Amino acid sequence: MGTFSLPVVQIGSVSMDGTEPVLILGPCVIESEEFIWDVAEKLGAMATQYGWRWIFKASYDKANRSAISSYRGLGCEAGCKLLAQIGAKLGVPVTTDIHTAEEAKLAAEHIDLLQIPAFLCRQTDLIVAAGETGRAVNVKKGQFLAPWDVKNIADKLVSVGCQNFMFTERGTTFGYNNLVADMRSLYWMRELGYRVVMDATHSVQRPGGLGTATGGDGKLAPVLARAAVATGCDGVFMETHPDPTKAFSDGPNQIPLAQIAGVVETLRKIHGIVRDIA
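Residues numbered from 1 in each chain as written. Predicted model: local features only at pLDDT ≥ 70, side-chain atom pairs only at ≥ 80, totals over all residues. Heavy atoms only, no water.

Q: What am I meant to see in the pairing of strand β3 (residues 22–26) here?
A: Regular strands place side chains that alternate from one sheet face to the opposite one. Among the five residues of β3, five are classified as buried, and the element is accordingly described as predominantly covered. Every second residue of β3 is oriented toward a common face, with Val22, Ile24 and Gly26 on one face and Leu23 and Leu25 on the other, all of them buried. With helix α1 (residues 33–50) bridging β3 and the parallel strand β4 (residues 53–57), this β-α-β connection has right-handed handedness. Judged from the five bridges that link them, β3 and strand β14 (residues 235–241) form a sheet pairing that is parallel. Residue pairing for β14: isoleucine 24 is matched across the bridge by phenylalanine 237. (Buried < 20%, exposed > 50% of the residue type's maximum accessible area, 1.4 Å probe, protein only. Helix = DSSP H or I, 4+ residues; strand = E, 2+ residues; numbered from the N terminus. Right-handed = clockwise from strand over helix to strand, strands pointing away. Pairing = 2+ DSSP bridges.)

Q: Any chance you could explain helix α2 (residues 76–90) here in plain terms?
A: Given 3.6 residues per turn, any residue in an α-helix points the same way as the ones three and four places further on. The terminal C-alpha atoms of α2, which comprises 15 residues, lie 21 Å apart, in line with the 21 Å expected from a rise of 1.5 Å per residue. Within the sequence span of α2, burial applies to Cys76, Gly79, Cys80, Leu82, Leu83, Ile86 and Gly87. Looking straight down α2, one finds its buried side chains confined to an arc of 160°; they lie on one side. In this structure, α2 carries Ala88 and Lys89 as exposed residues pointing more than 90 degrees from its buried face. Turning to α2, the residues buried within the fold contact α1, β4, β5 (94–97) and α3 (101–108). Where α2 ends, the next residue or the one after it, glycine 91, has phi of about 70°, a positive value. (Expected span 1.5 Å × (residues − 1). Arc of directions from axis to C-beta. Contact = heavy atoms within 4.5 Å.)

Q: Would you mind showing me how to read the packing of aromatic side chains here?
A: Pairs of aromatic rings are described using the distance from one ring centre to the other and the angle between the two planes. Counted by the stated rule, this structure contains six aromatic pairs. Between phenylalanine 165 and phenylalanine 167, the ring centres sit 5.8 Å apart and the planes meet at 75°, which makes this aromatic pair edge-to-face. With relative accessibility at 7%, the residue phenylalanine 165 sits in the buried group. According to the relative accessible area criterion, phenylalanine 167 is buried, its value standing at 0%. Between phenylalanine 165 and tyrosine 194, the aromatic rings sit 5.9 Å apart at their centres with planes inclined by 45°, giving tilted as the arrangement. Taken together, the positions of phenylalanine 165 in strand β8 (residues 165–169) and tyrosine 194 in the loop between α6 (184–191) and β11 (196–199) put the pair 29 residues apart, joining distant regions of the chain. Relative accessible area serves as the criterion here: at 11%, tyrosine 194 is assigned to the buried category. Ring pairing ties together the aromatic residues Phe165, Phe167 and Tyr194, which thus form one cluster. Above the face of the phenylalanine 237 ring, lysine 140 is positioned so that its terminal group lies 4.3 Å from the ring centre. (Phe/Tyr/Trp six-rings, centres within 6.5 Å; stacked < 30°, edge-to-face > 60°. Lys NZ or Arg CZ within 6 Å of the ring centre and 35° of its normal.)

Q: Would you explain the packing of α1 against helix α8 (residues 260–277) in this entry?
A: For any two helices packed against each other, the geometry comes down to the angle between their axes and how far apart the axes lie. At a closest axis distance of 11 Å, the pairing of α1 and α8 adopts a crossing angle of 35°. At the point where α1 passes α8, the crossing takes the right-handed sense. Packed against α1, whose contacting residues are Leu43, Met46 and Tyr50, the element α8 presents Ile260, Ala261, Glu265 and Arg268 at the interface. Grouping the constituent residues of the contact of α1 with α8 by class yields five nonpolar, no polar and two charged. (Axes fitted to C-alpha atoms, helices over the stretch in contact; angles between N-to-C directions. Left-handed = near helix turned anticlockwise from the far one by under 90°. Nonpolar A, V, L, I, M, F, W, Y, C, P; charged D, E, K, R; others polar.)

Q: Explain the side chain of aspartate 199 to me, please; I cannot follow it from the model alone.
A: Considering the arrangement of structural elements, one finds aspartate 199 in strand β11. Residues within four places of aspartate 199 in sequence aside, it is in contact with Lys140, Thr168, Glu169, Arg170 and Phe237.

Here you go:
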């Protein structure tokens with residue numbers, strides 16, 4: 001894990017420094033205020049019990065849904081304020097995805113880590129706006145990019161003084177309605193000098209695979225997460241839901257909340273082994 005000289009990325013009170021995997025956990029979307037508080041508090045209790053280094057995640061708007069009829073979310077202002085309240089109560093940083101330069105500014109008033117969606121990772125105005133907020137930035141690597149292409153994105157962030165950023169691997173387009181996760185990507189992006197997160201749940205998507213919705217192989221998410229940590233990464237992104245079959249978005253990819261502690265503890269053990277032999 002210590003093969004490369006990498007910067008420390010600071011996300012609120014959480015340091016991404018390679019000593020412990022940083023866990024980005026939460027449901028795909030804010031389904032309701034009651035729902036999001038319930039999931040957050042249960043994850044918070046697990047984190048306290050096991051000593052996780054973690055960030056709470058949920059989307060206020062699913063702007064790239066497959067169908068016009070799909071659920072979107074609460075909206076930027078309401079969603080970000082709610083996430084900030086959760087973060088304050090649990091004492092944990094929060095993250096959510098943004099979609100426009102205007103949203104970057106609004107979200108930065110409440111959110112510790114601004115996430116750039118994979119489909120928007122080359123949108124210069126959005127990248128620059130996020131970088132200018134002073135918040136940490138997490139860029140999802142587009143399904144259409146090679147690992148080394150992220151350098152151009154990094155250059156955009158650095159051009160406005162942003163040094164506090166990371167990249168997230170979430171699979172690469174592999175034919176129609178399918179993705180493949182190439183573990184070499186993690187190595188190559190870290191070799192460039194960037195902290196890297198593995199998005200285990202979105203990497204098992206089958207985009208548009210259900211016609212009007214995205215399908216996926218959620219049971220494989222822990223498998224990819226284990227492989228990624230063994231390969232070498234700085235964090236793992238996993239969406240989780242009390243009952244994925246009833247989730248408003250990305251249900252087929254999410255890990256049941258009842259299983260998440262076991263998955264995370266396995267990842268931490270693997271991380272410790274790899275870190276100690278690097």
